[in-house]
Amino acid sequence: QVLLVESGGGLVQPGGSLRLSCAASGMIFSAHVMGWYRQAPGKERELVARITNGGRTNYADSVKGRFTISTDPAKNTVYLQMNSLKPEDTAVYYCNAEHTYYRYLYWGQGTQVTVSS
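Residues numbered from 1 in each chain as written. Predicted model: local features only at pLDDT ≥ 70, side-chain atom pairs only at ≥ 80, totals over all residues. Heavy atoms only, no water.

Draft legend 1. View of the packing of aromatic side chains. If you walk through the whole model with that rule in mind, you get three aromatic pairs. Look at tyrosine 37 and tryptophan 107: their rings are 5.0 Å apart centre to centre, the planes differ by 70°, and that puts the pair in the edge-to-face class. A residue pair is termed long-range when its members are at least 10 positions apart, and tyrosine 37 in strand E4 (residues 32–39) and tryptophan 107 in strand E10 (residues 105–107) qualify at 70 residues. Residue classification places tyrosine 37 among the buried positions, given a relative accessible area of 18%. Ring plane angle 15° and centroid distance 5.6 Å describe the contact between tyrosine 102 and tyrosine 104, whose orientation is recorded as stacked. A relative accessible area of 46% places tyrosine 104 in the partly exposed class. (Phe/Tyr/Trp six-rings, centres within 6.5 Å; stacked < 30°, edge-to-face > 60°. Helix = DSSP H or I, 4+ residues; strand = E, 2+ residues; numbered from the N terminus. Buried < 20%, exposed > 50% of the residue type's maximum accessible area, 1.4 Å probe, protein only.)

If you want it as structure tokens, here you go:
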């Protein structure tokens, strides 16, 4: 069974930082593109960042320069470092894995990030 477990969410003030973690199990980590998505109430789920097994990254325009995605293959873990957080970053953040060949998609349960004064 493939399992993605997010952690690290919480409440922070504008301008603060958080680091999200996603621990993967039951899959070959290196065979997947890993990503972070988010969904705010009343809005569609959107891509935040992705990283390939070759280290190529993509970011939503709204988070470029503030967020950084990275992996630790030895721990089967993907991270999202979030700096200079804004209230509009408030959302449930989901970890995603896509098999590079078969295109299987897996999702975590999500972790809440709230940016508020």
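Still more ground to cover, so stick around.
Draft legend 2. Focus on the side chain of serine 21. Here serine 21 shows up in strand E3 (residues 18–25). Judged by relative accessible area, serine 21 falls into the buried class, the value being 16%. Look past the residues within four positions of serine 21 in its chain and what remains in contact with it is Val5, Glu6, Ser7, Trp36, Thr77, Val78 and Tyr79. (Contact = heavy atoms within 4.5 Å.)

Draft legend 3. Looking closely at the pattern of salt bridges. Overall, the coordinates contain five salt bridges when judged by the stated rule. Across the salt bridge formed by aspartate 89 and arginine 66, the nearest N and O atoms sit 2.8 Å from each other. Placement of aspartate 89 in the loop between strand E8 (77–82) and strand E9 (91–99) and of arginine 66 in the loop between strand E6 (57–59) and strand E7 (67–72) is noted, with a sequence separation of 23 residues between them. Grouping residues by exposure puts aspartate 89 and arginine 66 together as buried. When salt bridges with common partners are traced through the structure, they connect Arg38, Glu46, Arg66 and Asp89 into a single cluster. (Salt bridge = Lys/Arg side-chain N within 4 Å of Asp/Glu carboxyl O.)

Draft legend 4. Quick peek at unusual backbone geometry. Its identity is not glycine, yet asparagine 76 carries a phi of approximately 50°, on the positive side. In this fold, asparagine 76 is placed in the loop between E7 and E8. Despite not being glycine, arginine 103 has its phi angle at roughly 65°, a positive value. Note on placement: arginine 103 falls in the loop between E9 and E10.

Draft legend 5. Broad picture of the pairing of E4. The buried fraction of E4 is high, at seven of eight residues. With eight bridges joining them, E4 and E9 adopt antiparallel strand pairing. Across the sheet, glycine 35 pairs through a bridge with asparagine 96, a residue of E9. In this structure, E4 lies alongside strand E5 (residues 46–51), joined through five bridges in antiparallel fashion. By the bridge assignment, glycine 35 is partnered in E5 with arginine 50. (Pairing = 2+ DSSP bridges.)

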